[in-house]
Amino acid sequence: MDLILTSLIFAVGLLVFYLTNFFQKKLKGEKYPKCLPTLPFIGSLLSLRSDLPLHLHFKDLKKTYGNIFALMLGSQYMVVINNYQYAKEVLLKKGKSFAGRPSVVTTNLLSRDRKGIAFANYSPTLIFHRKITISRLYSPGDGLETLEALILKGVSSTCTQLEELVDSPLDILPEMAWMVTNVISLLCFNSSYEKDDPEFLKVREYTQGILKVVGKGILIDIFPWLKYFPCKDLQILKQSIAIRDSILQKKFEEHKANYSRDSINDLIDTLLKAQENAKNNNILDPGMTDDQLIMIVGDIFGAGVETLITTITWFIHYLIHFPELQAKIQKEIDNNIGFERTPQIKDRKNLHLLNATISEILRIQPVAPLLIRHLALTDSSIGDYTISKGTHVIINLWAIHHDEQEWKNPDTFDPTRFLNEEGLHIHSPSLSFLPFGAGPRACLGENLTKMQLFLFCALFLQRFSVESPPGHQLTEFKVEFGIIQQPNGFKVQLKSRKARKDCGLEE
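Given the structure is predicted, the values throughout are model-derived calculations rather than measurements.

S.K.: Outline the pattern of salt bridges, supporting the account with residue identities and numerical values.
M.R.: Pairing between side chains becomes possible if they bear opposite charge and their charged atoms approach one another. Counting across every chain of the model gives 19 salt bridges. Salt-bridge contacts for Arg 244 lead to Asp 245; the nearest nitrogen and oxygen are separated by 2.8 Å. Classification of Asp 245 as buried rests on a relative accessible area of 17%. Among the ionic pairs, Glu 360 bridges to Arg 417, the shortest N-O distance being 3.1 Å. With Glu 360 in helix H14 (residues 352-364) and Arg 417 in the loop between helix H15 (397-401) and helix H16 (446-463), this pair connects stretches of sequence that are 57 residues apart.

As C-alpha cells, then:
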C-alpha cells in the first residue's frame, strides 16, 4: 500500500511539474499541439477508450484534434503525428533530434535495458552497430549476388515442400514462417531448421508470446510500479524472453568456441570480430559486450522474421480476394521469365505489376501501423509547435498511408496506383509512402526485405495459383493488432501451374 501511495504522489508530482512548465512556456508565447483531456495520475487514458485498435482511434481523433496532437499517459507526455509532412520532419529533417527511444518496462525487458538496435537510444554506439550489421546483411559472402543465392535457397526449398501440399486445404502461415526463419537464420547463425526441429518450434513460441505483449500499450508501461504486482502479460513476456535468451545464448557460445577471424560466416562472427578488434586496440567499449552483441542478433532475427512473414501472408490473402490480379501477374511472369529458370533480382525491372502489388500491400497493410516510438533528445519543434526534450513521438503510419489528401480511395486495394500511364512501376504517387520509416531509425533490413518479398512472390506465382478451398467461405480481412499487424489465420488451396519439377537453384 505504501508503494502505491508513493507512486501516486510521484505521478501527480510529475504531472504538476509538467503542467507548470507547460504554462510557463505558454506565457512566453510558445505554441504546443492541442492536447486530449487530461486528468491527474491517469492522464488522457479516458480519451483512449475505444473498440478500435489504437492506430485507427488516433486516425479518428485526427478529425477533432488535427494532424498533430498531444496526450498524457500517466506522467508520459506524447505527441501523435498523422500526416507525412510532420512525419518527415521528425524522421528526416530533424532525424537526430528525434532519434531517441523511450524507456518503458516491456521494451527494457525485451532489450536488456535498451541494448541492441531496435530499442537502443541514439548514440555513436548505435550508429556503429547499425553500420556493421548492415555490412553483414548485405555482404554475407561475395556481396549481393551471394545474398540473392541464399534467399533463393530458402524460397526454393519452401517451393519444393509446397508441391507436396497442392489440392488440399492448407494453413500457409507455418510454411512462410519456416521459409523466412531459415533465410534469416542462415544470415545470423549460418544454420537452418527442419520444420519439426524442437528449436524452431520454440522460436515460433517465444516470438508469438512477445508479439502478444509488446506494443499493445499495456498499463505496466504507463505505470511502471505495476511490475511489482501479478500481471499475466508480464509473465507471458518474461517466459518468452527466457526461451529466446536460452536459444541466443547457446548460438552465441557455440560461435565463440569455434570463432576464427579468418572464417567469418554470419552475423555473429562479424560481431565477434568487431569485439576482438576493440579488445586488440585496447578499446573498452561498453557497446561491444556480449550482452550488446546478443541483443543485436536478437533484434535482426526477431524483427526480420516476423515483418516478412506478415507481409507475405497479406500478399497471399489479397491474391485470393483478387484472382484477376493474380492471373495478370502470372501472365507477366510467364512472358518475362517462363518456366525454364528461377526468377532473379534482375527480373524486377520487367515485373511491374508484381512490384506495384507488393508496394500496395506495404501501403494498405503497414506491418507496424504505429512505428516504434521516438524520443525527443533535445528541445525542438514540429511545424510551428514547440516540442520539449523527453517528449515521446508516435508516428501513425496507418493514418499517413490512408490519408485522403494523399491517396485516392485510400481504403481500396489498388496496385495500379503504383503504375504510371505506361504501366511501369513507380516508387509512389505520393511522398507519404513510408513503409520502412526513414532517417536515422529507418528499418535497416529494408533492402533485404524487398529482395525476399520479390523473389518469393515471383517464384510462388511462377509455380502456383492460390484460391480459397472448396466449401470454405472467402475469409474477411481480420487482423491481430499489436506492434506488428498480423492477419488472422486462414486456409488456402494451391494449384500447381506446371507438372512437378525440381524448383531448386539451377546449376
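After that view of the structure, there is still more to cover.
S.K.: Hey, could you go over the sheet that holds strand E3 (residues 170-171) for me, with residue numbers and the actual values?
M.R.: Spatially, the three strands line up as an open sheet ordered E3-E11-E8, and their pairing is antiparallel. Each edge of the open sheet carries a strand with a single partner, namely E3 and strand E8 (464-467). Pairing of E3 with strand E11 (residues 491-496) involves two bridges; the strand directions are antiparallel. Bridge assignment links Leu 170 to a residue of E11, and that residue is Val 492. Against the sheet, H16 touches E8 and E11, its axis set at about 90° to E8.

S.K.: Would you mind going over the environment of Arg 49 in detail, with residue names and values included?
M.R.: Relative to the helices and strands, Arg 49 resides in the loop between helix H1 (2-27) and helix H2 (54-65). On the accessibility criterion, Arg 49 (64% relative accessible area) is exposed. Of the polar contacts made by the side chain of Arg 49, one reaches the backbone oxygen of Leu 46; its length is 3.2 Å.

S.K.: Describe the packing of helix H10 (residues 232-257) against helix H11 (residues 267-280), with residues and values.
M.R.: Two numbers describe how H10 lies on H11: the axes approach to 10 Å, and their chain directions differ by 60°. Classified by the angle between their axes, H10 and H11 sit oblique to one another. By crossing handedness, the relation of H10 to H11 is classed as right-handed. Packed against H10, whose contacting residues are Lys 251, Phe 252, His 255 and Lys 256, the element H11 presents Ile 268, Asp 269 and Leu 272 at the interface.

S.K.: Describe H11, listing the residues and the values that go with them.
M.R.: Across its 14 residues, H11 extends 20 Å between first and last C-alpha, which sits within 8% of the 20 Å expected from 1.5 Å per residue. Considered for burial, the residues of H11 that qualify are Leu 267, Ile 268, Asp 269, Thr 270, Leu 271, Leu 272, Ala 274, Gln 275 and Ala 278. Looking at the packing, one finds that the buried side of H11 touches helix H5 (124-137), helix H7 (172-189), H10 and helix H12 (290-321). Sitting at the head of H11, Asp 266 places a side-chain oxygen 3.2 Å from the backbone nitrogen of Ile 268.

What counts and what doesn't
Numbering of residues starts from 1 in every chain and runs along the sequence as written. Local features are withheld for residues below a pLDDT of 70 in this predicted model, meaning they are given only at 70 or higher, and side-chain atom pairs are given and counted only at 80 or more; totals for whole chains, interfaces and linings count all residues. Based on all heavy atoms of the structure, the side-chain values leave hydrogens and waters out of the count. For this analysis, a salt bridge means a side-chain nitrogen from Lys or Arg found within 4 Å of a carboxyl oxygen belonging to Asp or Glu. The buried label applies to any residue whose accessible area, calculated with a 1.4 Å probe on protein chains only, is under 20% of its type's maximum; exposed applies above 50%, and partly exposed to all values in between. Helical segments are the DSSP runs of H or I of at least four residues, strand segments are the runs of E of at least two, and each set is numbered from the N terminus. DSSP bridges decide pairing: two strands pair if at least two such bridges lie between them. By definition in these notes, contact holds between two residues if any of their heavy atoms fall within 4.5 Å. Every axis in this analysis is a line fitted to C-alpha atoms, fitted for helices over the stretch in contact. Angles between the N-to-C directions lie between 0 and 180 degrees. Counted as a polar contact is a pair of N or O atoms within 3.5 Å, where, for protein atoms, one must be capable of donating a hydrogen and the other of accepting one, and residues adjacent in sequence contribute only when both atoms are in side chains. Roughly parallel here means an angle under 35 degrees, roughly antiparallel means over 145, roughly perpendicular means 65 to 115, and every remaining angle is called oblique. It is the rotation of the near helix from the far one that decides the hand of a crossing: anticlockwise by less than a right angle makes it left-handed, clockwise makes it right-handed. Multiplying one less than the number of residues by 1.5 Å gives the expected span of a helix.

Nothing here speaks to function; it is all geometry.
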